[in-house]
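Next come the chains, spelled out residue by residue.
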Amino acid sequence: MSPLPELNLNLGVTNHSGSSFYGGNNEDNIIVRTDSALKKHSITLIISDIEVGKIGIKINNKEIEIPTYKLTVTDDKTGETNAYQITRDTLNFVTSKTKKSFLSFFGFKRFDTTSFLYENIPFEPQIEYLEKFDISKHRKLSQDILTYEFSGNGQRVLIYAGNLNTFEIPKEITQYFVVVDKNNGKSFIGDILYREKFLKLTPKVELHIIKRKKIPKNFEYDDKGNIKKIIYL
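Summarised in this report is the structure supplied together with it.

## Topic: the pairing of strand β9 (residues 139-142)
As defined by bridge partners, β9 adjoins strand β10 (residues 145-152) across 4 bridges and the pair is classed as antiparallel. Residue pairing in the sheet places K140 in a bridge with T147 of β10.

Right, dumping it as structure tokens:
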């Protein structure tokens, strides 16, 4: 059985004789209780500009580390807030460069160092400090994977929560955010599903993205996938 919707009960007053709540005896300030509106709660996801860590993601069969940012989840009924990590950068391999050591001239290649350059396609608010998106209608849940897809600034964007080892970027997606927790995304997924069940009606899900003060343009990596240098816009 589906849960009953939550009624938005309001108290009001009337002395209008045409009202169905009027008693008919010229009374003033009659208190009435109505249930004419259903209250629809909302879940809010906030992607901040606060860098909190790094994770490893495979791109073109090479694992590289990407910075993560603070993600908070809350709703307007419980007011409970939980924090996770999320990526904000979508990287594409550009080129590699090898720096030879002086021993290379004697045939010792092991001391040569190779760096890899990746171009970043960031998804940032275009004008304002904060941009909002309604992503309620674009949630997909399959097995242990939860995704939200939405369009913004002429781009198709994906929010992914699940096992990073099985993460594959759909062809139509230009940019993505990856949610990180200690349980392959299951903590975040459980959080969302719990709130949806607790809020009863299918809730509105609103995404807030805070613009970063420094936006990465390129990432340079060593041969182990560690960040050597970040070039900003």
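## Notes on the sheet that holds strand β3 (residues 42-59)
Spatially, β8-β13-β3-β4-β5-β12-β11-β10-β9 is the arrangement adopted by the 9 strands of the open sheet, whose pairing is mixed. The strands lining the two open edges of the sheet, one partner per strand, are β8 (130-134) and β9. For this sheet, the mean angle separating the axes of adjacent strands, direction not counted, is 30°. Where β10 and strand β11 (residues 155-161) come together, 7 bridges link them in antiparallel fashion. Bridge pairing links S151 to R156 in β11. Packing of helix α1 (residues 186-199) onto the sheet brings it into contact with β3, β4 (62-75), β5 (82-87), β9, β10, β11 and β12 (175-180), and relative to β4 it is tilted by some 20°.

## Re the packing of aromatic side chains
Per the stated rule, a full pass over the model turns up 12 aromatic pairs. Ring geometry for F123 and F133: centres 5.8 Å apart, planes at 45°, overall tilted. A residue pair is termed long-range when its members are at least 10 positions apart, and F123 in the loop between β7 (113-120) and β8 and F133 in strand β8 qualify at 10 residues. Like F133, F123 is buried. Aromatic side chains Y194 and F198 sit 5.8 Å apart centroid to centroid with 20° between the ring planes, which places their arrangement in the stacked category.

## A few points about unusual backbone geometry
Of note in the backbone geometry, Q143 takes a positive phi value of approximately 50° without being a glycine. As for its placement among the helices and strands, Q143 is situated in the loop between β9 and β10. The exposure class of Q143 is exposed, given its relative accessible area of 80%. For N184, which is not glycine, the phi torsion reads 55° and is therefore positive. Checked against the element boundaries, N184 lands in the loop between β12 and α1. Given the relative accessible area of 42%, N184 is considered partly exposed.

Definitions and cut-offs
- Residues numbered from 1 in each chain as written.
- Predicted model: local features only at pLDDT ≥ 70, side-chain atom pairs only at ≥ 80, totals over all residues.
- Heavy atoms only, no water.
- Pairing = 2+ DSSP bridges.
- Helix = DSSP H or I, 4+ residues; strand = E, 2+ residues; numbered from the N terminus.
- Axes fitted to C-alpha atoms, helices over the stretch in contact; angles between N-to-C directions.
- Contact = heavy atoms within 4.5 Å.
- Phe/Tyr/Trp six-rings, centres within 6.5 Å; stacked < 30°, edge-to-face > 60°.
- Buried < 20%, exposed > 50% of the residue type's maximum accessible area, 1.4 Å probe, protein only.

Honestly, it's all geometry; don't read function into it.
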